[in-house]
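Descriptive structure summary
Next come the chains, spelled out residue by residue.
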Amino acid sequence: MFNFTLYKREMKKSILTLVIFAGVLTIYITMIVQMFDPEMASILNQFSEIMPGVMTAVGMSGTVTTLIGFMSSYLYGMLLLLFPMVYVVLRAHGLIGKYVDRGSIVALVSAPIKRRAIAFTQMKALASGLFLLVSYITLLEIVCSEVVFPGELEIGSILLLNVGLLCLQLFIGGICFLASCVFNDAKYSVGIGAGVPALMYVIQMLANIGGSVENARYATFFTLFDPDGLIAGETAAIAGIVVLFVGACALFVAAIVVFSKKDLHI
Amino acid sequence: MSAIVISNLTRDYGENRGVFDLSLTVGKSEAFGFLGPNGAGKTTTIRHLMGFIKPKVGTVTIDGRDCWRERDIIQKQLGYIPGEIAFFDDMSSAEFLRFTAKYRGTGNAREKEMLDRFDLSPKGKIKKMSKGMKQKIGIVAAFMHDPEVLLLDEPTSGLDPLMQCRFIDLVTEEKKRGKTILMSSHMFDEVERTCHRIGIIRAGRLVALDTTDALRDKHVRPYTVRLDDEQTASAFAKDFDGRQDGVAVTVSTRQTLEQIFLDYYDVSGGDR
Ligand SMILES: Nc1ncnc2c1ncn2[C@@H]1O[C@H](COP(=O)(O)OP(=O)(O)O)[C@@H](O)[C@H]1O
Ligand SMILES: [Mg+2]
């Protein structure tokens, strides 16, 4: 069910991309953690009272008077949703769609390896890369916080928050991976794989603004990831990430089944 | 016993394209030539044998195993040269061959021998290689684990004449070593030199299926001419690739594949 040689190759490729993403995230995360300042936080609070629309659209709401509340607003509203999402979209395509589109999948399927095992290995590579990325983010957040504001960060909450982030990104990965397995043409596999999560995010942004479009949040899976709820340890928020995780598993299973049964005109 | 059995295989892509009610068998240790012009349905048939696509109608088996359901088991003893080579661009050919051997888990006992045969030094990225070089890598990858069954889809395309000859020699040797070979081509010559039996496919339908000798006899027209003296006869035989017997020289015209097709086309047309 698993091919180590293939896994090794894919992880090597993933690491290259991961290094770039980790580099950019390092800059942002350290900058944002350093920006935390209870006084400054109250200024920002005032700012969001003056211009509520702009701030909430990018997810910057909630209490920003605690360090984790601040991080939740300024990192988990947009940055940590979009960056790992771009990684996931790129890698999910690179792991299946690109091979099929270019025909080089022939090198993988003309071997005594079950299609199931190929797709499972690729899925595992995608999930492993994501796990590495979120682990790095978690570690960086903890280290940064401890250096700049020792003892200020609630470790339990930040861990739960990042478990939630991992579930959300796995779900997005599931969408991209399934699209990669269904469509033979990169145009469609990338279009759907990247398009659906991007559209969902835009809907989420609109819903955040509130008003008449507030109900739109029921139309997007981003709602299932509720950073403030997770920090507060709300059951609904935890249920949300469980749903995301189960959904991700279902998407991956569907993708593996589709890939095993599809015709490959290569 | 037949190693490869295709029965009533149909795959309709519309507009009379695809493969229609195709049945043929290739015996164990037999070399079978699968001839047809571009778009005849050769690659489509081989894709079914490889388990890339599932038969809509009919069945395909190799060594009694279903090519779709048991493809991973069949692949253990199978070597395949794709009609269109598309390998991993990011690897060098040495890396690709090493990867393939490990990934398949079937070894690379003959890799070095194959590289030598085709004067290939596996350096440089695959992306930067010419079509012929890529084709050679494809050949090495197909033969390096010494498989029992070989599915070769237009294997000489892109090779220069010298390498084509070496490839033909390789196929002939493998046939002698008891391998089962199905080789597709649009050139009568190379199939004639290697294969015991030939199937001709046109527009997805099998139009002829016979031994190479029988087909050759049907399509080669010999002429015997008498020349003035033996010296002229010898020169004539040399120039026209004929057989000399005193002042008589027998030369034969070879029909092109297209002419052969047209022959079969007429015959089947007349039957209807
Ligand atoms: N995936 C596909 N979708 C639609 N038509 C196809 C597909 N694959 C092949 N065909 C058509 O089927 C016919 C046979 O193709 P192919 O088997 O590749 O021919 P050959 O290998 O003999 O040149 C061609 O007309 C081709 O255009
Ligand atoms: Mg072809």
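See the structure shown above.
Keep in mind it's a predicted model, so treat the numbers as computed, not measured. (Residues numbered from 1 in each chain as written. Chains lettered and ligands numbered in written order. Predicted model: local features only at pLDDT ≥ 70, side-chain atom pairs only at ≥ 80, totals over all residues. Heavy atoms only, no water.)

Quick look at the overall build of chain B
Rule in force here: Strands here are runs of E lasting at least two residues and helices are runs of H or I lasting at least four, both read from the DSSP assignment and numbered beginning at the N terminus. The size measure is the radius of gyration over C-alpha atoms, and the globule rule it meets is 2.2 Å times the number of residues to the 0.38 power. To sort residues, take the accessible area from a 1.4 Å probe on protein chains only and compare it with the maximum for the residue type: under 20% means buried, over 50% means exposed, and anything in between is partly exposed. Residue contacts follow a heavy-atom distance rule, with two residues in contact if any of their heavy atoms lie within 4.5 Å. Here, Shrake-Rupley sampling with a 1.4 Å probe gives the accessible areas, and only protein chains in the shown set may cover a residue. The convention is simple: Lys and Arg are positive, Asp and Glu are negative, and His and the chain ends are not counted. Where a charge sits is defined by one atom per residue type, namely NZ (Lys), CZ (Arg), CG (Asp) or CD (Glu).
For chain B, the count of helices and strands is 10 helices and 13 strands. Scaling as 2.2 N^0.38, a compact globule of 272 residues should have a C-alpha radius of gyration of about 19 Å, and chain B matches this with 21 Å. Seen along its three principal axes, the alpha-carbon backbone of chain B occupies a region of about 65 × 50 × 35 Å. For chain B, the residues scored as buried account for 50% of the 272 residues in total. Sequence separation of at least 24 residues holds for 66% of the intrachain contacts in chain B that already meet a minimum separation of 6. Approximately 12,900 Å² of chain B is accessible, and the part contributed by carbon and sulfur atoms is 48%. Computing the positive centroid from 41 side-chain charges and the negative centroid from 40, chain B places the two 7 Å apart.

Re the sheet that holds strand β3 (residues 31-35) of chain B
All names here are of chain B. Rules: Any two strands with at least two DSSP bridges between them are considered paired. Between N-to-C directions, angles span 0 to 180 degrees; the directions come from axes that are lines fitted to C-alpha atoms, helices contributing only their stretch in contact.
Taken in spatial order, the 6 strands line up as β6-β7-β8-β3-β9-β10 in an open sheet, and their pairing is mixed. The sheet is open, and its two borders are formed by β6 (78-81) and β10 (205-211), each paired with just one other strand. Across the sheet, the axes of successive neighbouring strands diverge by a mean angle of 15°, strand direction being ignored. Direction of pairing for β6 relative to strand β7 (residues 149-153): parallel, over a ladder of 4 bridges. Its bridge partner lying in β7, leucine 78 is registered against valine 149. Against the sheet, helix α1 (residues 42-50) contacts β3, β6, β7, β8 (180-185) and β9 (197-202), and its axis sits at roughly 150° relative to β7. The strands touched by helix α8 (residues 212-219) within the sheet are β9 and β10, with β10 carrying the most contacts at an inclination of about 100°.

Structural notes on the pattern of salt bridges
Residue and element names in this part refer to chain B. What counts, and what does not: In what follows, salt bridge is the name for a side-chain nitrogen of Lys or Arg lying within 4 Å of a carboxyl oxygen of Asp or Glu.
The final tally for this structure, using the stated rule, is 22 salt bridges over all chains. The salt bridge involving glutamate 173 is made with arginine 117; its shortest N-O contact spans 2.4 Å. Pair noted here: glutamate 173 is in helix α6 (residues 161-176) and arginine 117 is in helix α4 (residues 111-117), with a separation of 56 residues, a long-range link. Since its relative accessible area comes to 35%, glutamate 173 is described here as partly exposed. Look at the salt bridges and you will find they share partners, linking Arg110, Glu113, Arg117, Asp146, Glu148, Glu173, Glu174, Arg177 and Lys179 into a network.

Focus on the interface of chain A and chain B
Filter applied, for reference: Two parts placed together each lose some accessible area under a 1.4 Å probe, and adding up what both lose gives the buried area. For the purposes of these results, a polar contact is taken to be a pair of N or O atoms within 3.5 Å, where, inside protein, one atom must be able to donate a hydrogen and its partner to accept one; residues adjacent in sequence count only when each atom of the pair is a side-chain atom.
Contacts between the two partners involve 28 residues from chain A, matched on the other side by 28 residues from chain B. Of the roughly 2,300 Å² buried between chain A and chain B, counting both surfaces, carbon and sulfur atoms make up 58%. A salt bridge links lysine 114 of chain A to aspartate 72 of chain B; the nearest nitrogen and oxygen atoms lie 2.9 Å apart. If you look at where chain A meets chain B, you find 12 residue pairs in polar contact (both at pLDDT 80 or more). Counting only elements with at least two residues in the side of chain A that touches chain B, the list comes to α1 (4-35), α5 (79-102), α6 (106-109), α7 (115-148) and α11 (235-261) of chain A. Here the side of chain A that touches chain B gets 5 residues from one element, more than from any other, and that element is α1 of chain A.

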